[in-house]
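# Architecture at a glance
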Amino acid sequence: MKLDLHVHLQEATNVAIPDARLVRKLIDVVKSRGLDGIAVTEHSDTSYGYRIKEIVDREFHGEIIVIPGQEKPCGPHHIVELHLPCGCIFRFVAHPGRLLPPYPEALDGIQGVEVQNGSWVVDEESVRRFAEERGLILLCNSDAHTLTDIGRHQNVIDLSTLCTAAHGSS
Ligand SMILES: [Zn+2]
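Since the model is a prediction, treat every value here as computed from it, not as a measurement.

## Side note on the pairing of strand β2 (residues 37-43)
Of all the 7 residues making up β2, 5 are buried; the element is thus mostly covered by neighbouring parts of the structure. The pairing of strand β1 (residues 2-7) with β2 spans 3 bridges and is classified as parallel. Counted as the bridge partner of D4 is I38 from β2. Judged from the 7 bridges that link them, β2 and strand β3 (residues 65-74) form a sheet pairing that is parallel. Among the inter-strand pairings, V40 is bridged to a residue of β3, identified as P68. Tracing the backbone out of β2, into helix α3 (residues 47-59) and back to the parallel element β3 gives a crossover that is right-handed.

## Side note on the pairing of strand β5 (residues 89-94)
Summarising burial for β5: 5 of the 6 residues are buried, a large majority. In this sheet, β5 lies alongside strand β4 (residues 77-83) in antiparallel orientation, the contact comprising 6 bridges. Paired with H83 across the two strands is I89, which belongs to β5. As judged from the 2 bridges shared by β5 and strand β6 (residues 112-117), these two strands associate in the parallel manner. Across the sheet, the residue bridging to F92 is G112, located in β6.

## Considering helix α4 (residues 124-134)
In an α-helix there are 3.6 residues to a turn, and that puts residues three or four apart on one side. Considered for burial, the residues of α4 that qualify are V127, F130 and A131. Across the axial projection of α4, the buried residues extend over an arc of 95°, all falling on one side. α4 presents E125, E132 and E133 as exposed residues on the side facing more than 90 degrees away from its buried surface. The secondary structure elements touched by the buried residues of α4 are β6 and β7 (137-141). Looking one or two residues beyond α4, the residue adopting positive phi is G135, at roughly 65°.

## Things to note about the nonpolar core
Note that soluble globular proteins tend to have their nonpolar side chains buried in a common cluster. Ranked by internal contacts, the top residues of the largest apolar core, which has 41 residues, are I38, V40, I52, L82, F92 and V113. Contact partners of L82, with chain neighbours within four places excluded, come to L5, A39, I67, G69, I89, F90 and L162.

## Quick notes on α3
Between its first and last C-alpha atoms α3 spans 18 Å; for 13 residues at 1.5 Å apiece the expected length is 18 Å, and the two agree. Y48, G49, I52, K53, I55 and V56 are the residues of α3 that are buried. The arc that holds the buried residues of α3, viewed along the axis, is 165°, so those residues lie on one side. α3 presents S47 and R58 as exposed residues on the side facing more than 90 degrees away from its buried surface. Those residues of α3 hidden inside the fold are in contact with α1 (9-13), α2 (20-32), β2 and β3. Once α3 ends, the next one or two residues include H61, with phi positive near 50°.

## Remarks on the packing of α2 against α3
The geometry of α2 relative to α3 is characterised by a closest axis approach of 10 Å and an angle of 85° between their N-to-C directions. Between α2 and α3, the interaxial angle falls into the category roughly perpendicular. Judged by residue contacts, A20, V23 and I27 of α2 engage I52, I55, V56 and E59 from α3. Per-class residue counts for the contact of α2 with α3 are 6 nonpolar, no polar and 1 charged.

Here is what the cut-offs are and how they apply
- Residues numbered from 1 in each chain as written.
- Predicted model: local features only at pLDDT ≥ 70, side-chain atom pairs only at ≥ 80, totals over all residues.
- Buried ≥ 20, exposed ≤ 12 C-beta atoms within 10 Å, placed from the backbone.
- Helix = DSSP H or I, 4+ residues; strand = E, 2+ residues; numbered from the N terminus.
- Pairing = 2+ DSSP bridges.
- Right-handed = clockwise from strand over helix to strand, strands pointing away.
- Arc of directions from axis to C-beta.
- Contact = placed C-beta atoms within 7 Å.
- Core = buried A, V, L, I, M, F, W, Y, C linked by C-beta atoms within 7 Å.
- Expected span 1.5 Å × (residues − 1).
- Axes fitted to C-alpha atoms, helices over the stretch in contact; angles between N-to-C directions.
- Parallel < 35°, antiparallel > 145°, perpendicular 65-115°, else oblique.
- Nonpolar A, V, L, I, M, F, W, Y, C, P; charged D, E, K, R; others polar.

Okay, structure coming up:
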């Protein structure tokens, strides 16, 4: 399954209250990028993602996968939370920059880390070392703030893999 797990859709569309027309457009964009789905991760707000998911599922028979989530500041880092269909919450570090020990406490209790981010430079070597030490899932996400950028980075990963990781650590 191909998923872009970090998309700021409200910022990308400037639409405060999404409707079926906007969602139709989004579905077409997502499919044109070869994606099966996206996570909608507004800043400190899960309601936007839930609203998008509701419209996709109700009006468009779940044509794409939408994972509602949010991006939250946490110490020196930004953590993205994904509300998975299984009920688990998967947490990953967004655009970690360069990660060197001692690692801040903000990085405890996460299951993934971005090794590529469409909007920020990430030091791949230090991030891979950190992920290996902790058994974290490496992610490549667009961090899209425009519709054009959706899917610029994507992951080949199953929801069950995310769920198992989230479940195992909660
Ligand atoms: Zn972001």
